[in-house]
Amino acid sequence: MAQEHPNRLAEWLTLLRKNIPVVREHFLDWVEAVREEPRLAWETPALRYGVYGLSGIILLWVAAGVVRLAVPPLPASAKPQATTADFHVVCANPDCSHHFVIHREFGFDDFPVLCPECKRESGVAARRCNSATCAGRWVAPQSTAEGMVCPVCGSRLE
Ligand SMILES: [Zn+2]
Ligand SMILES: [Zn+2]
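Scope of this entry: the structure provided in the associated data block. Everything numeric in this text was worked out from a predicted model, so none of it was measured.

## Details of the packing of aromatic side chains
Part 1 of the reasoning: Counted by the stated rule, this structure contains 4 aromatic pairs.
Part 2 of the reasoning: Measuring from ring centre to ring centre gives 5.3 Å for phenylalanine 108 and phenylalanine 111, while their planes differ by 70°; the resulting arrangement is edge-to-face.
Part 3 of the reasoning: Members of the aromatic cluster, connected to one another through ring pairs, are Phe87, Phe108 and Phe111.
Part 4 of the reasoning: When the ring centre of tyrosine 49 is taken as reference, the NZ or CZ atom of arginine 48 above it lies at 5.6 Å.
Part 5 of the reasoning: Here the guanidinium or amino end of arginine 104 rests over the ring plane of phenylalanine 108, the centre of that ring lying 5.5 Å away.

Following this line, the structure appears as structure tokens:
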């Protein structure tokens, strides 16, 4: 069985070698015919579809290039700058202590703001208290002689 492959290959090569002059003759005939009647070239399907295929590939390539030019990848510096930000607010009213988030211009510091819960102007910029008791709770910092402290557990806020 294994011996068959080289034999078959040799057969194919012989067949090919035998056909090359025939193919060349056909080709020369075709060239001769086209020289006399150029329209014939376009009427040869192999050539026509070849040209169609090639045109399609070139069109796709050009289109891809145009798209790449029209939509350049945004460099990191070109990203629109954020002009607003979320601010955590905690109501300083001890009976309320409501925590909410407001969306304002970057750098906003016009506190206190209206608390939506108790409707008082007692919403202050919240800070996170990371003590064991509060575990990251948002609190309204209290100003003392030692600095800002948590009104819930009394620990200093960094
Ligand atoms: Zn409130
Ligand atoms: Zn605390």
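## Observations regarding the coordination of the zinc ion (ligand 1)
Coordination angles at a metal have ideal targets, namely 109.5 degrees for four tetrahedral donors and 90 or 180 degrees for six octahedral donors.
Part 1 of the reasoning: Bound to the zinc ion (ligand 1) are the protein donor atoms Cys91 (SG), Cys96 (SG), Cys115 (SG) and Cys118 (SG), situated 2.2 to 2.4 Å from the metal.
Part 2 of the reasoning: One can describe the site at the zinc ion (ligand 1) as tetrahedral: its 4 donor atoms subtend angles covering 103 to 114° at the metal.
Part 3 of the reasoning: In terms of primary sequence, the donors binding the zinc ion (ligand 1) are separated according to C-x4-C-x18-C-x2-C. Here cysteine 96 is found in the loop between β1 (84–91) and β2 (99–105), whereas its partner cysteine 115 is found in the loop between β2 and β3 (123–125), with 19 residues between them in sequence.
Part 4 of the reasoning: For cysteine 96, a relative accessible area of 21% puts it in the partly exposed group.

Analysis parameters
Numbering of residues begins from 1 in every chain and follows the order in which that chain's sequence is written. In the order they appear in the text, chains get letters beginning with A and ligands get numbers beginning with 1. At least 70 in pLDDT is required for a residue's local features to be given in this predicted model, at least 80 for side-chain atom pairs to be given and counted, and no such filter applies to totals for whole chains, interfaces and linings, which use all residues. Side-chain figures throughout are based on the complete set of non-hydrogen atoms in the structure, without hydrogens or water. Pairing of aromatic side chains here covers Phe, Tyr and the six-membered ring of Trp, requires ring centres within 6.5 Å, and sorts the geometry by plane angle: under 30 degrees stacked, over 60 edge-to-face, intermediate tilted. Two thresholds decide whether a charge sits over a ring: the Lys NZ or Arg CZ must be within 6 Å of the ring centre and within 35 degrees of the ring normal. Ligating atoms shown are N, O and S within 2.8 Å of the metal, or 3.2 Å for Na, K and Ca, and water is not included, meaning a site may look less than complete. Geometry assignment treats four donors as tetrahedral when all angles are between 85 and 135 degrees, treats four as square planar and six as octahedral when opposite donors are over 155 degrees apart and all others between 65 and 115, and treats everything else as irregular. The numbering of helices and of strands both runs from the N terminus, where a helix is a DSSP run of H or I of at least 4 residues and a strand a run of E of at least 2. Each residue is assigned to one of three classes by its accessible area relative to the maximum for its type, calculated with a 1.4 Å probe on protein chains only: buried under 20%, partly exposed between the two thresholds, exposed over 50%.

In short, the description is geometric, and any link to function would need to be established separately.
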